[in-house]
Amino acid sequence: MVLFNLGNSVNCFDRFFSAIHLGAIRPDLYPRKDIVLQQSSLDGGQGRLHTRLKYDFRTCDLVVHLIEAQDLPPPDPISGTFSDPYIRISLLPNVDERVRQSSVKRRTLNPYFNEYFKFPLDFDDVKDKTLLFHLYDYDKFSRHTPMGEVEIAMANVDVSNSVEMWCDVQRQHKVAGESGEILLSLSYLPTAERLTVVVMKAKDLKLSTAAPSADPYVRVCLMVEGKKVKRKKTSVRRGSVNPVWNEGLAFNVPAEILPKVSLEVCVQDHDLLGHGELLGRCLLGGTDRPGEDQGHWKDMLTNQRKSVAMWHVLRK
């Protein structure tokens, strides 16, 4: 005779039949999908941006998942170049001084990023912010070409749950807070322990006064662990908001302290009575400064003995 222990079996059957009881709902079988929003623009033909937004209540961060862009505008066919797009992301008004920037995707008009960016702020403050995506075509030795922008008013998006968005890319307007650009070349010669900054030129410098032009010069400060230890400056270029210098500034930097070094580059309007107006600045180097400036510094460290040139955005 074979005996069956029905105790556990009865419990299993009870759970099974209760689960399939008429009218019962199994939440695990119906996972909630992200809300999908479409943001259209009359300014078409610039492509689309795909992103996902969510507020992380555990860390108090707005989390931006940059997924991809599609159908971006091609470069001028006369130039014979390919598009290498990347995206800068900002939340205005600014919540910190960090530069958030995607990686560069080579030779594509349909870049796939799958990158995450966080902005620390209280949930109640999200609705007062504007999320900006600025798309650029990367060029190592010339000015990066704007490809378009996406602007999202956070008051119109409920990020308490995950929200997926497809947004039309618009033609890019002037980026708030930017005061022109400067082209710098960096090189480090380990045998001589010499760091050389070549100030090549600047473009589109902005004056806060009504003066028609400026007399700009560049001051470069060498900092070790954030403390200014040495400064040098270029000559003055009279009457130009697009000055050209091509001047090298050399600093003695022992190899062992190079990882602790950073540079502050300031463009100033010359004034006989003082330092003059600050037209814009950028920071290079240091381990806690993400973004394009940090990328230039890493390129220099990777390619020692070679000059590495790159454009940098100036901010006040």
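Everything here concerns the structure above.
Here the structure is a predicted model, which is why all the values come from computation and not from measurement. Per chain, residue numbering runs from 1 following the sequence as it is written. For a predicted model such as this one, the threshold for reporting local features is a pLDDT of at least 70, and the threshold for listing and counting side-chain atom pairs is 80 or more; totals across whole chains, interfaces and linings nevertheless cover every residue. Hydrogens and waters are ignored; side-chain quantities use all the structure's heavy atoms.

Colleague: Mind showing me how you'd approach the overall build of the chain here?
Modeller: Looking only at helices and strands, one finds 3 helices and 17 strands in the chain. Sorting the 316 residues of the chain into buried and exposed places 41% on the buried side. The contact criterion used is simple: two residues touch if any of their non-hydrogen atoms lie within 4.5 Å. When contacts within the chain are restricted to residue pairs at least 6 apart in sequence, long-range pairs at least 24 apart make up 65% of them. Total accessible area on the chain is roughly 17800 Å²; 53% of this is exposed by carbon and sulfur atoms. Think of it this way: any DSSP run of H or I at least four residues long counts as a helix, any run of E at least two long counts as a strand, and we number them from the N terminus. Under the scheme applied here, a residue whose accessible area is under 20% of the maximum for its type counts as buried, over 50% as exposed, and between as partly exposed, the area being computed with a 1.4 Å probe on protein chains only. Note on areas: Shrake-Rupley, 1.4 Å probe, and residue coverage restricted to the protein chains presented here.

Colleague: So what exactly am I meant to see when it comes to the nonpolar core here?
Modeller: One broad trend across soluble globular proteins is that nonpolar side chains are buried collectively. Within the largest apolar cluster, 29 residues are counted, with the highest numbers of intra-cluster contacts made by Leu53, Leu131, Phe133, Ile152 and Met154. Within the residue set of this core, elements represented by two or more residues are strand S2 (48-56), strand S3 (61-70), strand S4 (85-92), strand S6 (112-120), strand S7 (130-137), strand S8 (145-153) and strand S9 (163-168). At 4 residues, the largest contribution of residues to this core is made by S3. Contacts of Ile152, omitting those with residues within four sequence positions, involve Gln39, Leu53, Lys129, Thr130, Leu131, Phe133, Val157, Met165 and Cys167. Core analysis: the next-biggest nonpolar cluster, separate from the first, contains 28 residues, Phe251, Val253, Leu258 and Val265 among them. Remark: nonpolar core denotes a set of buried residues (Ala, Val, Leu, Ile, Met, Phe, Trp, Tyr, Cys) joined through side-chain atoms within 4.5 Å.

Colleague: Quick question: what am I supposed to make of the pattern of salt bridges here?
Modeller: For side chains bearing opposite charge, pairing can occur when the charged atoms are close. In the sections that follow, a salt bridge refers to a side-chain nitrogen of Lys or Arg positioned within 4 Å of a carboxyl oxygen of Asp or Glu. Tallied over the full model, the rule gives 8 salt bridges. With a closest N to O distance of 2.8 Å, Asp96 and Arg100 form a salt bridge. The residue Glu264 makes a salt bridge to Lys228 at a minimum N-O spacing of 3.1 Å. In this pair, Glu264 is assigned in strand S15 (residues 261-269) and Lys228 in strand S13 (residues 227-233), connecting sequence segments 36 residues apart. Residue classification places Glu264 among the buried positions, given a relative accessible area of 8%. With relative accessibility at 41%, the residue Lys228 sits in the partly exposed group. Residues joined in a network through salt bridges with shared partners are Lys228, Glu264 and Arg281.

Colleague: Looking at this structure, how should I read the side chain of His65?
Modeller: Tracing the chain through its elements places His65 in strand S3. On the accessibility criterion, His65 (8% relative accessible area) is buried. A polar contact of 3.4 Å, which involves the side chain of His65, links it to the side chain of Tyr116. Aside from chain neighbours lying at most four places away, what touches His65 is His50, Thr51, Arg52, Asn114, Glu115 and Tyr116. Polar contact is defined as a pair of N or O atoms within 3.5 Å, subject to the rule that within protein one atom must be able to donate a hydrogen and the other to accept it, and that residues adjacent in sequence are counted only when both atoms are side-chain atoms.

Colleague: Looking at this model, I keep getting lost on the pairing of S3. Mind explaining?
Modeller: In terms of burial, S3 is largely enclosed, as 9 of its 10 residues are buried. Two elements, S2 and S3, share 9 bridges in a ladder whose sense is antiparallel. In the sheet register, Tyr55 faces S3, and the bridge partner there is Leu62. Two strands are said to pair when DSSP picks up at least two bridges between them. Both S3 and S6 contribute to a ladder of 7 bridges, which runs antiparallel. Pairing of Asp61 across the sheet is with Pro120, part of S6.

Colleague: Would you take a moment to explain the sheet that holds S8 for this structure?
Modeller: Strand pairing within a sheet occurs via backbone hydrogen bonds; the two strands may be parallel or antiparallel. Read from one edge to the other, the open sheet built from 4 strands follows the order S5-S4-S7-S8, with strand pairing classed as antiparallel. Of all the strands in the sheet, just strand S5 (100-101) and S8 have a single pairing partner and so form its edges. As judged from the 8 bridges shared by S7 and S8, these two strands associate in the antiparallel manner. Within S8, the position partnered with Asp137 by the bridge is Thr145.

Colleague: Explanation requested: the sheet that holds S6 in the structure shown.
Modeller: The strand order across the open sheet built from 5 strands is S1-S9-S2-S3-S6, with neighbouring strands paired in mixed fashion. Bordering the open sheet on either side are strand S1 (35-39) and S6, each of which pairs with just one other strand. Each neighbouring strand pair of the sheet contributes to a mean axis angle of 20°, computed without reference to strand direction. Orientation is described by axes fitted as lines to C-alpha atoms, over the contacting stretch for helices, and by angles from 0 to 180 degrees between their N-to-C directions.

Colleague: Explain the packing of aromatic side chains here, please?
Modeller: Geometry of an aromatic ring pair is reported as the spacing of the ring centres plus the angle between the planes. Only Phe, Tyr and Trp rings are paired, with Trp represented by its six-membered ring, and only when their centres lie within 6.5 Å; those with planes under 30 degrees apart are stacked, over 60 edge-to-face, the remainder tilted. Counting across every chain of the model gives 5 aromatic pairs. Residues Phe57 and Phe123 carry aromatic rings whose centres are separated by 5.0 Å and whose planes lie at 45° to one another, so their mutual orientation is tilted. Placement of the pair is Phe57 in the loop between S2 and S3 and Phe123 in helix H2 (residues 123-126), with a sequence separation of 66 residues. Classification of Phe123 by relative accessible area gives partly exposed; the value is 31%. Summarising the aromatic geometry, the rings of Tyr86 and Tyr138 are spaced 6.2 Å apart at their centres and angled 75° between planes, so their arrangement reads as edge-to-face. With Tyr86 in strand S4 and Tyr138 in the loop between S7 and S8, the pair connects residues that are 52 residues apart, well separated along the chain. Across the pair, exposure class does not vary: Tyr86 and Tyr138 are buried alike. Positioned above the aromatic ring of Tyr136, the side-chain terminus of Arg88 is 4.5 Å from the ring centre. To sit over a ring, a charge needs its Lys NZ or Arg CZ within 6 Å of the ring centre and within 35 degrees of the ring normal.

Colleague: Any chance you could explain the pairing of S7 here in plain terms?
Modeller: Remark: a regular strand shows side chains that alternate across the two faces of the sheet. In terms of residue burial, S7 counts as a mostly covered element, since 7 of its 8 residues are buried. In this structure, S4 lies alongside S7, joined through 8 bridges in antiparallel fashion. Bridge assignment links Leu91 to a residue of S7, and that residue is Leu131.

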